[in-house]
Every structure is written in structure tokens, then in C-alpha cells.
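Structural overview for review
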Amino acid sequence: MSFSGISLSERMVSALSKLGYHNPSPVQQNVIPKALRGVSLLAQSETGSGKTHSYLIPIIEKVDMNLSRPQAIVIAPTRELARQTYEFAREFQRFYPKFRVRLYTSEADVTQNEQGASIAPQLIIGTPGRVKAMLIDKELFVLNNVKMVILDEADMLLDLGYFEDIETLFGHLNNPQTMVFSATLKQNLRDELLKFVRSDFQFESDKIQTASTVKHHLINIKHIGEANALIQFLKLKNPYLCIVFCSTKDKVAEIHQALLDNNIDNLYFSGSLDERSRKRALREIKANTHQVIVASDLLARGMDIEDVTDVVSVDLPNDLEFYHHRAGRTGRFGKSGDSWVFYNNDTEAKPRELYENGVKFEFLSLRAGKLVDDPVGLAPKTKLRKKAEFSEQEAKEIKIAKAMSRKKHVEPMHKKKTQFAIEKVKRKYKRKAIQRSIRKELETQAKAKRKAYNDED
């Protein structure tokens, strides 16, 4: 289906084509027609699925370009996401010369935000606190004509505690059409939203976590250490553009410095950057001047970074949903990508939870500077030590081993020889147990592949 098939004006279809957008994504096919008819809705879809244009297109189609008053407001949880949406909206200004949009975030101080208020925009984009400050506290513009409000990455808005500011804003509006977008819509978020947002339609993607174009890989780094493992990995893969995620600001700094010490150029990005450094980092990310970006999860949500081929998680976040946001930085808009997760025997609990929740990992091991297949992967490696675990045949063979090693006269090393004979039998059965685990794991993977193949047919 093309954009001309979803009730858009010829002018919009032409603008989209010139901007490089020819066919709507599933979320756009489902949401845009509803939005054009004034339906309030909740939309849940995986990262990289085109949610931003799902609301920008209806906004531009519906606003009165001849009316210099705010008619739509977009709320984003971070200034980075707000600016990204602002840049997307500004792309349309070359096709709609009368279309005006303003950005209100803490990138600028309040005085700077107030400048230019004599000419009101049709669209306001910003973070909750600054939008409230400008529109409610400062009363910069009359809000009577605001007919549409969009809450982007709504789960993050809730997690960061912004719903009080949002409720205040809604209290000054006259029952606007409201569209809520998020990669996840947990029940607590739905309950919170329904306090002040009506919803006539809900869209939930079949792929609500990470796009199917992303391949997931689990790498056992054993005792190499995260920084050393990453250095080896980058030299092996030489990715076109790689984002390396760490769960804490301290680890971001540690990994960033370790790469620099090994002559691997990389960009550092986390919440510890001051405003000027953060702006510079975002400009460099947009200009694609670095092959490797080392970042906190601040960069994991909603940011559209073009041509990311690989995402590496040197560790996993406590909230495992953020793994899907990380992985979603690649494989965007139908492109393929790879997500790599480091783990060892001490940190396998979180990868195992992801695996048990349906993430289809390819199992690998980093050995001697090479990535090799790991047929065992997360399969249990149980040591057969307790008698209760012995099979009847194994117990019999252990008795025979003891008898064969028994001497009439006690000789030096007798106990060790006996123990060696017993351990030899145990090792034999341990190998059998591992082989059974491998076979079972391979059968499970084969069944999953067959099911995926059948589903595609």
C-alpha cells in the first residue's frame, strides 16, 4: 500500500515522496486514517516502526495554516526526543511555507524560549515541564484552538513522573483529540492514562518489542572482562556504526576510556554530560562522525540514528524491557541489524530470562580473539555428584570401578586411584548429560525455526 491509499492529500503524498517516504508502515496504516477522523487512540508498536510520522502527518493535514495559533501539542519525555521530533516536523516546512513549529525544552533558558512569541506556531513540541512553564505559567499563547495532543513514549513519561504536569496542561484544554504512542503499554500505564485521556481505538503491533529484522546474539565472554571483550569484538566485526550500551554512567565512562586507551575512537554519551557537551554529541551523532558510540540507556528510547548496524550490551539493565529499546536502535525501517549481549557464568540470569521470554538468541563464545558457535549456550551444565542423580547403570559401574581398583594390600595413592576411577565413570555420564542437553536445545531451536518458517509462509 502507498501513502495515497490512506486518504492523504496529494500535497502530503508528494511531500512524503520527496522526503523519501513511499509506503506506510503497519502502525501508520492503522493510525493515520483514525487520526484524520479525529479519533483519540493508544498505539503500541515496536521501536523503529514509524510512530513519529503516524502523528506528524495527521497534524500537518489537519491544522489551519492561515491561523497563527497553537493547534497541536506534542509532549516527549526527553529533550533529545523532542528535538528529533522537531527536526522531523521542520522537514515539511519546505512544502508548507506557512507551517510554523516551536520547540520548548531545557536546551534553551526560559528567556530564549519566550523570544519570537509574537508569531504563534501551529505546532508546539517540547518536554512536559517546559511546555507547562511556557503555556500555563507564562501564558504565551491562547490555547482555545488546541485540538490535538500527542504523548510520545508515554511509558517513559510515566516512569519519569511527568503526568502531574501533563494533567495540569489538560486542565487548560477543551477536550482535545489525544493520541498516545509507546513501545510498551503496561496495565499500570493504561490505568493512569484513562484518568484523563479518552481512547476510542487501540492499536497493538504483533511485534511489540523488537523488529524482526534484528538478529539477537548471546556471547559468553567467560573471564575476559567486558572492556577487553569489547575491544576484541570491535576488531573482529569492524561494524559500520555500533552503539555500545552500559547500564550505569560510571561504566559508560570506563568503557569509553578503555576504548580510547586502545586507540579505538568513540563518542561518549550519558546523562552526566553538561548541556553544551550533550548538544555537541548529538550533532556528531547526526553527522555520523564516529564508528562507535558508548552510551547509557538515555540513548535507547526513540532516538532515530540512521544506519546503526550493531548494538552491543556489555551488561543488561535491571528493567529488561530496555533491552528491546536498545536492540531497536538497529534494524529500523526494514533494515537488518544485529544485537549482541555479553555475559558470563556470573551474569547469565538476565540473558536466561530474556531467552525464556522468547528472545531467539544465537549462542556464541569469545575464545582466543575469535567468535565461535556455542552449542550448549544457556543449557544447564549439571554436575552429577549426588547419589540420587545416578542412574541404576551408573551406580553399577561405580561399584565395579571401586572393586577393580581395590587392592589386598594398601598401596600408596590407593585412595586417589579409587577416586580417579569413580570420577572417570562420572565424567562419562556427565558427557552424556551434556549431549542430551545439546540435543534438546538444538531440537528446540529447530522447532522454533520451522515454526517461524511456517508462519512466514
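Residues numbered from 1 in each chain as written. Predicted model: local features only at pLDDT ≥ 70, side-chain atom pairs only at ≥ 80, totals over all residues. Heavy atoms only, no water.

1. Details of a positive patch on the surface
- A surface patch of positive charge is lined by Arg276, Lys279, Arg280 and Arg283.
- Note that Arg280 resides in helix α12 (residues 275-287).
- In this structure Arg280 comes out as partly exposed when scored by relative accessible area, which is 39%. (Patch = residues over 30% accessible without salt bridge, like charges linked within 9 Å, V, L, I, M, F, W, Y side chains within 5 Å. Areas by Shrake-Rupley, 256 points an atom, 1.4 Å probe, with all protein chains shown as cover. Salt bridge = Lys/Arg side-chain N within 4 Å of Asp/Glu carboxyl O. Lys, Arg positive; Asp, Glu negative; His and termini not counted. Charge placed at Lys NZ, Arg CZ, Asp CG, Glu CD. Helix = DSSP H or I, 4+ residues; strand = E, 2+ residues; numbered from the N terminus. Buried < 20%, exposed > 50% of the residue type's maximum accessible area, 1.4 Å probe, protein only.)

2. A short note on the sheet that holds strand β11 (residues 292-295)
- Spatial ordering of the open sheet is given by β10-β11-β9-β12-β13-β8-β14-β15, a layout of eight strands whose pairing is mixed. Of all the strands in the sheet, just β10 (267-269) and β15 (370-373) have a single pairing partner and so form its edges. Averaged over neighbouring strand pairs, the angle between their axes works out to 25° when direction is ignored.
- The pairing of strand β8 (residues 214-220) with strand β13 (residues 337-343) spans seven bridges and is classified as parallel. In the sheet register, Val214 faces β13, and the bridge partner there is Gly337.
- Strands β8, β9 (242-245), β11, β12 (310-313), β13, β14 (361-367) and β15 of the sheet are contacted by helix α10 (residues 226-237), whose axis makes an angle of about 150° with β13. (Pairing = 2+ DSSP bridges. Axes fitted to C-alpha atoms, helices over the stretch in contact; angles between N-to-C directions. Contact = heavy atoms within 4.5 Å.)

3. Quick notes on the pattern of salt bridges
- Taken as a whole and judged by the stated rule, the model has eight salt bridges.
- In this structure, the salt-bridge partner of Arg278 is Glu80, at a minimum N-O distance of 2.8 Å. Of this pair, Arg278 sits in helix α12 while Glu80 is found in helix α4 (residues 79-90), placing the two residues 198 residues apart along the sequence.
- Judged by its relative accessible area of 4%, Glu80 is buried.
- For the salt bridge of Arg326 with Asp297, the shortest nitrogen-to-oxygen distance reads 2.7 Å. With a gap of 29 residues between them, Arg326 in helix α13 (residues 321-327) and Asp297 in the loop between β11 and β12 connect regions that are remote in the sequence. For the pair shown, Arg326 and Asp297 are each scored as buried.
- Shared partners join several salt bridges into a network, and the residues in it are Arg79, Glu80 and Arg278.

4. Some remarks on helix α1 (residues 10-18)
- Along α1, the residues classified as buried are Met12, Ala15 and Leu16. Axial view of α1: buried residues confined to an arc of 100°, hence all on one face. Away from its buried face, by an angle of more than 90 degrees, α1 presents the exposed residues Glu10 and Lys18.
- Where α1 is buried, its residues meet α3 (51-62). (Arc of directions from axis to C-beta.)

5. Brief notes about the nonpolar core
- By size, the foremost hydrophobic cluster in this structure holds 84 residues, and its most contacted members are Leu123 and Leu299.
- Those residues in contact with Leu299 that lie beyond four places of it in its chain are Ile243, Phe245, Phe269, Ile285, Ile293, Ile305 and Arg329.
- Listed in part, the 28 residues of the second largest apolar core include Ile124, Val146, Phe170 and Leu185. (Core = buried A, V, L, I, M, F, W, Y, C linked by side-chain atoms within 4.5 Å.)

6. A look at empty space enclosed by the protein
- On inspection of all chains with the given rule, the structure shows one cavity of 30 Å³ or more.
- The wall of the largest cavity is formed by Leu241, Leu267, Glu284, Ile285, Asn288, Thr289, His290, Ile293 and Ile305.
- Considering only residue class, the lining of the largest cavity consists of five nonpolar, three polar and one charged. (1 Å grid on protein atoms, 1.4 Å probe; cavity = no way out; pocket = protein on both sides within 12 Å on 5 of 7 lines; lining within 4 Å. Points joined across faces, edges and corners; volume = space filled by probe spheres on them. Nonpolar A, V, L, I, M, F, W, Y, C, P; charged D, E, K, R; others polar.)

7. Some words on the packing of α4 against α12
- At a minimum axis separation of 12 Å, α4 and α12 run at an interaxial angle of 45°. Taken together, the axis directions place α4 and α12 in an arrangement best described as oblique. The way α4 lies across α12 gives a crossing that is right-handed. Between α4 and α12, the residues in contact are Arg79, Glu80 and Glu87 and Glu275, Arg278, Leu282 and Lys286, respectively. (Parallel < 35°, antiparallel > 145°, perpendicular 65-115°, else oblique. Left-handed = near helix turned anticlockwise from the far one by under 90°.)

8. A few points about the confidence of the model for the protein chain
- For the protein chain, per-residue confidence averages 84 on the pLDDT scale, and 83% of positions sit at 70 or higher.
- In this model, residues 382-388 is a region of pLDDT below 50 whose contacts with residues beyond four sequence positions or in other chains number 11 contacts. (pLDDT = per-residue confidence, 0-100.)

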